[in-house]
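Survey of secondary and tertiary structure
So you can see what is in the structure, the chains are spelled out below.
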Amino acid sequence: MAVVIKPKKFFEVCVEAELTPELALRSVDEVKKFKVYYGNKVVELGELFEVAKQGDEKKLILDGDFSRVKWIGARMVDGEIVVKGSVGANCGAFMRGGKITIEGNADDWLGIEMAGGEIIVKGNAGNLVGCAYYGDAVGMTAGKIVIEGNAGNYVGEKMNGGEIVIKGNAGDFIGTEMRAGVIEIHGSCGFVGGDMRGGEIRIKGSFELLPTFKKTEKGWVGDVNVKGEGVIKTF
Amino acid sequence: MLWIRNGIVVDPKNKINAEKMDIFIKNGKIVEENEVKKEECKVIDASGKLVVAGGVDMHAHIAGSKINTGRTMRPEEMRVVRNIAGKFRATVGRVLLTAPAIGYEYAKMGYTTSFEAAQPPIGALHTHEELDAIPMIDKAALPVFGNWHLVFKCIEEKNMEKLKALVAWAIERSKGFGVKVVNPGGVEAWMYGGNVKSLDDQVPGFNVTPREIITWLIKANEELGLPHSVHLHCNNLGVPGNYQTTIESIKLAKGFSNAKRQVLHVTHVQFNAYAGSSWRDAGSGAAEIAKVVNSMDNVTIDMGQPIFGHATAMTGDAPFQFSLHKLIGARWSNKDTEVETGAGIVPIGYLPNNPVHALQWAIGLELGLLVDSNKVALTTDYPNGGPFTEYPYVMAMLMSKKMREGELSKVNAYVQKATGLASIDVEKTLYEVIHMTRSLPAKILGLENKGHLGIGADADIAIYNLNPLETDTSKEFEKVYKMFKSAEYTIKGGEIIVKGGELVKEVYGRTFWVDATKKADIQAVMPDIREYFNYYSVQLGNYGVEERWIKKPARIEVV
């Protein structure tokens with residue numbers, strides 16, 4: 001029971017639409033008038049998507065391929081979004097609460113600087129999961145991201161809290177400049193923990209360790225280059 | 001033709017204090033009433049409004065490689081959208097504005113002139129390309145001399161003719177305006193990982209000292225008769241206890257005189273006015289500096305007031321920038337400009353509850369209040385102390401003790417102990433603050449047609465919705481701040497560019513540059529220049545900027 005949004009066509013250029021569960025509280029006509037960017041033009045949501053309502057629950061169902069739609073769930077505070085396909089970049093950016101379930105794949109910048117809530121990806125995720133936007137000092141600070149498939153590079157860069165779980169493999173530069181929080185990788189990954197100051201990275205499979213970590217009882221502690229006390233361990 | 005009717009004029013240069021007057025404009029200049037045909041004039045009704053000259057910012061970093069490196073290393077700055085494209089260009093930037101944003105924001109505030117305060121001569125082309133991209137305002141750039149190997153060589157040889165020739169040649173080549181000196185000798189020492197700690201430290205590899213560099217450049221500047229004096233960023237910037245170095249440097253101006261202006265301008269003095277021996281016991285040296293500046297008639301300063309919030313430290317003082325980076329742990333970028341100078345960039349944010357930042361904030365205000373209004377210009381050393389868009393905050397603070405008391409209660413209590421700000425009762429008048437932002441910086445720079453509303457002056461005018469006869473600047477500081485933030489009208493060269501705080505027309509100002517080549521025998525130094533070009537990455541023939549490459553050059557010839 002919620003608002004169901006379906007793409008009318010294949011998008012030639014990316015759509016930028018900050019779709020949040022707040023929309024579910026509006027009438028169908030109001031949702032259709034919601035302003036989104038299609039390329040460099042501002043258009044109404046109704047021009048690009050079909051909108052239907054199924055009750056009053058604070059929930060968005062995005063039915064179809066949203067891999068060219070950016071900023072879904074950005075800044076959301078509560079409610080739920082279910083994506084029945086893939087999503088584009090910046091999904092769940094700055095989110096503070098609520099839940100996003102993605103049945104397909106997620107693009108880059110998933111859950112960037114998120115401060116609460118939960119994101120579940122059934123497929124794969126791209127690069128820069130839960131990290132900071134260029135120039136910002138801290139990435140994800142709270143909340144949880146679960147990726148059932150694989151993830152790309154720079155997972156949890158500058159992460160300062162919260163948890164990222166990757167059931168598959170991940171790329172290079174995991175937890176770079178990480179300060180707090182937990183990254184758990186059930187598969188294998190490349191380089192981990194460069195300039196790490198705190199937090200914990202747990203890896204089940206193989207990974208590349210930098211020479212700047214010290215072996216201790218807790219695991220490998222470092223990065224000593226920045227007097228860090230982060231922990232990397234296997235499980 | 002424009003006719004500004006019934007405005008309340010404050011024009012310190014012409015000793016006009018809140019008098020109801022009409023102003024007439026023709027061909028971009030202020031003219032006598034009888035020179036215009038009133039029926040053809042566009043009339044601006046300024047009844048009950050404050051009419052002053054357009055603001056003159058004598059020290060800001062608005063163009064060149066430094067601010068560009070700053071923009072590159074601070075992508076987060078570019079997320080603040082200031083203007084969406086339409087009739088005017090799209091502009092972004094929080095503190096590090098894009099080039100058009102700089103012009104627009106100055107204009108909205110009623111400022112019409114701004115000087116880029118440090119331009120490495122070899123980077124002149126870049127600086128001018130970028131100055132050309134700044135709309136609305138008149139501008140100029142000050143080339144830096146204090147760490148140039150060629151300058152050291154002329155001083156080592158004690159050859160004033162050569163030094164004068166070099167200065168005149170370099171200012172002509174870089175289409176610069178005057179002589180800027182940044183941490184003389186210190187940046188050269190930085191090339192070896194060091195710095196100079198006093199005026200008498202020897203510069204590594206050269207038989208010269210900072211004291212000699214400053215005095216010789218003042219002498220060369222005065223013998224050439226440049227419109228502006230030497231513009232000095234002192235040694236030991238940002239080091240607790242540095243106020244003594246600053247005072248020593250100021251005293252180097254003794255023995256020189258100029259009937260028209262100061263012989264030494266010491267810039268962003270706030271960063272050079274710390275007492276104490278470390279940041280744990282740092283205090284204010286502002287009162288001592290103010291005493292010395294007030295006792296001398298040939299020195300001026302500007303404030304370098306920090307504004308709480310975001311800023312970006314960028315100076316030609318590379319060693320200082322490195323220590324700042326080490327101190328606060330922020331990002332850092334270093335620039336070395338061959339044999340001429342260097343620079344560093346470090347992002348910074350001033351926080352009211354941080355004792356050091358609160359101290360810096362208080363020292364800036366102390367300088368503004370304690371130094372004679374005829375000797376201290378208002379600056380934030382944009383973007384080092386903060387955005388120039390907060391000048392109205394500084395203006396209002398100088399005019400209202402009540403506002404200062406309110407702000408003091410919000411900052412770290414260390415300020416009460418380490419500075420005398422709380423006990424300063426001075427409240428500058430509107431007349432004095434208009435002087436500090438208009439006529440005084442114009443006088444310091446040697447711009448005769450700027451900063452005032454007399455006959456023959458450039459028609460750069462700001463009109464604010466503030467009646468000075470009915471406003472108590474000491475009590476109504478909120479109103480004063482709000483009105484100065486957003487000009488009712490800004491007129492640039494006789495054209496209305498801002499109305500009701502909104503941009504209405506885009507214009508391009510001139511770029512001033514000084515030609516003093518006739519005052520020196522350039523050939524005296526050419527053999528040395530040719531020899532030094534063996535060490536440059538460019539050929540001598542490709543060095544510098546031709547006048548025709550500049551959008552609207554305005555040559556000022558020194559004869």
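Anything mentioned here points back to the structure above.
Our subject in this report is the structure included herewith. (Residues numbered from 1 in each chain as written. Chains lettered and ligands numbered in written order. Predicted model: local features only at pLDDT ≥ 70, side-chain atom pairs only at ≥ 80, totals over all residues. Heavy atoms only, no water.)

What to know about the interface of chain A and chain B
With 4 residues of chain A in contact, the opposing surface of chain B contributes 4 residues. Summing the contributions of chain A and of chain B, the shared interface buries around 290 Å²; its carbon and sulfur component is 41%. Looking only at chain A, the three residues that lose the most surface to chain B are Tyr134, Gly135 and Asp136 of chain A, adding up to 89% of its buried area. At the surface where chain A touches chain B, the tally comes to 1 salt bridge. With its nearest N and O atoms 2.9 Å apart, the salt bridge here joins Arg79 of chain B to Asp136 of chain A. Scanning the region where chain A abuts chain B turns up 3 residue pairs in polar contact (both at pLDDT 80 or more). Broken down by class, the residue content of the side of chain A that touches chain B amounts to 2 nonpolar, 1 polar and 1 charged. (Contact = heavy atoms within 4.5 Å. Buried area = accessible area lost by both parts, 1.4 Å probe. Salt bridge = Lys/Arg side-chain N within 4 Å of Asp/Glu carboxyl O. Polar contact = N/O pair within 3.5 Å; in protein donor to acceptor, adjacent residues only side chain to side chain. Nonpolar A, V, L, I, M, F, W, Y, C, P; charged D, E, K, R; others polar.)

Considerations on the pattern of salt bridges
Residue and element names in this part refer to chain B. As enumerated under the stated definition, the model contains 50 salt bridges over all chains in all. Taking the shortest distance from any N to any O, the salt bridge between Asp425 and Lys401 comes out at 2.9 Å. With Asp425 in the loop between α14 (414-418) and α15 (430-445) and Lys401 in helix α13 (residues 401-408), this residue pair connects regions lying 24 residues apart in the sequence. Residue classification places Asp425 among the exposed positions, given a relative accessible area of 55%. On the basis of relative accessibility, which here comes to 18%, the residue Lys401 falls in the buried class. (Helix = DSSP H or I, 4+ residues; strand = E, 2+ residues; numbered from the N terminus. Buried < 20%, exposed > 50% of the residue type's maximum accessible area, 1.4 Å probe, protein only.)

Describing the sheet that holds strand β7 (residues 69-70) of chain A
All names here are of chain A. On the basis of which strands lie adjacent, the open sheet formed by 4 strands has the order β4-β3-β2-β7 and mixed pairing. For this open sheet the edge positions go to β4 (41-44) and β7, each flanked by a neighbour on one side alone. Note that strand β3 (residues 35-38) and β4 share 4 bridges and pair antiparallel. Each bridged residue has a counterpart across the sheet, and for Val36 the counterpart in β4 is Val43. (Pairing = 2+ DSSP bridges.)

Some thoughts on unusual backbone geometry
Between Gly222 of chain A and Asp223 of chain A the backbone carries a cis peptide bond, its omega angle lying at 10 degrees. You can see Asp223 of chain A is positioned in the loop between β18 (220-222) and β19 (230-234). Along the chain, Tyr382 of chain B connects to Pro383 of chain B via a cis peptide bond; the corresponding omega equals -5 degrees. As for its placement among the helices and strands, Pro383 of chain B is situated in the loop between β20 (376-377) and α12 (391-399). A positive phi angle, near 50 degrees, is found at Lys175 of chain B, a position not held by glycine.

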